[in-house]
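Residues per chain are reported as follows:
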Amino acid sequence: MSELDEWMRSVSGPALVTIDGPSGAGKSTFATALHERHSNWQLIRLDDVYRGWDDLLPTVEVMRDSCVLPLLGGAVGVWPKWSWPRTGPIVPTEVPARSRLIIEGCGSTGMVPVGAEPVRHIWLDTAPGVRQQRIQDRDGRQFDAYWPTWFAQWERYELTFRPRERCEIVPG
């Protein structure tokens, strides 16, 4: 990933890296490793933003309007944190103007207007069986009832935003 690392070291001012792909593709693991190499970039995990299992598409809109567009315009952004255990909002987190962000999670590419700069989109995926096993290893079976709702939104997101086609970096 040296091309991405080089870009992240060289870019100044506000910038974004999105890490997108279906659930269980390895986005969180990849984002953690990337953030460890670039600790001067802020990491936002969309799992801390979604307000429930039916919130993928609304999160794309909220994050675009409250965080991504202001940041790319040189202004302060805000991302709305959500507490799954409390099922309620947490005090929103301010993103200073000129910040550099890594946004990781399903829907991250769709938050960024096509052609926006400076932005790099990363797509991660793996075989469906591998993704399913990772999900079960991570979560057990406790959320099985919710996955159909999530996957239906994911399909709508893919059809609407065509994220894979927008991602210029697809690790092998």
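Quick caveat: nothing in here was measured; it's all calculated off a predicted structure. (Residues numbered from 1 in each chain as written. Predicted model: local features only at pLDDT ≥ 70, side-chain atom pairs only at ≥ 80, totals over all residues. Heavy atoms only, no water.)

**Thoughts on the layout of surface pockets**
Reasoning step 1: When its volume is computed, the largest pocket comes out at roughly 560 Å³.
Reasoning step 2: Elements represented by at least two residues in the lining of the largest pocket include exactly helix H2 (27-37), helix H4 (128-139) and helix H5 (147-161).
Reasoning step 3: Here the lining of the largest pocket is composed, by residue class, of nine nonpolar, seven polar and six charged. (1 Å grid on protein atoms, 1.4 Å probe; cavity = no way out; pocket = protein on both sides within 12 Å on 5 of 7 lines; lining within 4 Å. Points joined across faces, edges and corners; volume = space filled by probe spheres on them. Helix = DSSP H or I, 4+ residues; strand = E, 2+ residues; numbered from the N terminus. Nonpolar A, V, L, I, M, F, W, Y, C, P; charged D, E, K, R; others polar.)

**Here's the deal with helix H1 (residues 2-10)**
For the α-helix, the turn length of 3.6 residues means that residues three or four positions removed from each other point alike.
Reasoning step 1: Along H1, the residues that are buried comprise Leu-4, Asp-5, Trp-7 and Met-8. Taken end-on, H1 shows its buried residues confined to a sector of 160°, consistent with a single buried face. Opposite the buried face of H1, at more than 90 degrees from it, the exposed residues are Ser-2, Glu-3, Glu-6, Arg-9 and Ser-10. (Buried < 20%, exposed > 50% of the residue type's maximum accessible area, 1.4 Å probe, protein only. Arc of directions from axis to C-beta.)

**A few points about the nonpolar core**
Nonpolar side chains in soluble globular proteins tend to end up buried together.
Reasoning step 1: Leu-16, Ile-44, Met-63, Leu-101 and Ile-103 are the most contacted members of the largest nonpolar core, which totals 28 residues.
Reasoning step 2: Elements supplying a minimum of two residues to this core: helix H3 (56-72), strand S7 (100-104), strand S8 (119-123) and H5.
Reasoning step 3: If one sorts the elements of this core by residue count, H3 sits on top with six residues.
Reasoning step 4: Those residues in contact with Leu-101 that sit more than four places away from it in its chain are Ala-15, Leu-16, Val-17, Trp-41, Gln-42, Ile-44, Cys-67, Leu-71 and Val-95.
Reasoning step 5: Leu-4, Met-8, Val-17 and Leu-43 belong to the second-largest nonpolar core, a separate cluster that totals 17 residues. (Core = buried A, V, L, I, M, F, W, Y, C linked by side-chain atoms within 4.5 Å. Contact = heavy atoms within 4.5 Å.)

**Describing the environment of Gly-52**
Reasoning step 1: The topology assignment puts Gly-52 in the loop between strand S2 (42-45) and H3.
Reasoning step 2: Given a relative accessible area of 12%, Gly-52 falls into the buried group.
Reasoning step 3: Counting along the chain gives 59 residues from Gly-52 to Met-111, while the straight-line C-alpha distance between them is 18 Å.
Reasoning step 4: When near neighbours in sequence (up to four residues on either side) are disregarded, Gly-52 contacts Trp-82, Trp-84 and Trp-150.

**Side note on the sheet that holds S7**
Whether parallel or antiparallel, the strands of a sheet pair through hydrogen bonds between backbone atoms.
Reasoning step 1: The strand order across the open sheet formed by four strands is S2-S7-S1-S8, and the pairing between neighbours is parallel. In this open sheet, the two strands that pair with only one neighbour each are S2 and S8. In this sheet, neighbouring strand axes are inclined to one another by 15° on average, regardless of whether the strands run parallel or antiparallel.
Reasoning step 2: Of the pairings in the sheet, the one linking strand S1 (residues 15-20) to S8 comprises five bridges and is parallel in character. (Pairing = 2+ DSSP bridges. Axes fitted to C-alpha atoms, helices over the stretch in contact; angles between N-to-C directions.)

**Some thoughts on the pattern of salt bridges**
Working definition: two side chains of opposite charge can pair if their charged atoms are close together.
Reasoning step 1: Applying the stated rule across the entire model yields nine salt bridges.
Reasoning step 2: Among the salt bridges present, the one from Asp-125 reaches Arg-131, with a minimum N-O distance of 2.6 Å. (Salt bridge = Lys/Arg side-chain N within 4 Å of Asp/Glu carboxyl O.)

**Considerations on the packing of aromatic side chains**
Reasoning step 1: Inspection of the entire model under this criterion finds eleven aromatic pairs.
Reasoning step 2: Aromatic pair Trp-53 and Tyr-146: ring centres 5.3 Å apart, planes at 10°, arrangement stacked. With Trp-53 in the loop between S2 and H3 and Tyr-146 in the loop between H4 and H5, the pair connects residues that are 93 residues apart, well separated along the chain.
Reasoning step 3: Judged by relative accessible area, Trp-53 falls into the buried class, the value being 16%.
Reasoning step 4: With a centroid separation of 6.0 Å and an interplanar angle of 25°, the aromatic rings of Trp-123 and Trp-154 are classed as stacked. Taken together, the residues span a long stretch of sequence, with Trp-123 in strand S8 and Trp-154 in helix H5 at a distance of 31 residues. Grouping residues by exposure puts Trp-123 and Trp-154 together as buried.
Reasoning step 5: Ring-pair connections join several aromatic residues into one group, and the members of that group are Tyr-50, Trp-53, Trp-84, Phe-143, Tyr-146, Trp-147, Trp-150 and Phe-151. (Phe/Tyr/Trp six-rings, centres within 6.5 Å; stacked < 30°, edge-to-face > 60°.)

**Description of the confidence of the model for the protein chain**
Reasoning step 1: In the predicted model, the protein chain carries a mean pLDDT of 93, and 99% of its residues have values of at least 70.
Reasoning step 2: The element-level mean pLDDT for the protein chain is lowest in strand S5 (residues 88-89), coming to 82, with S7 highest at 98. (pLDDT = per-residue confidence, 0-100.)

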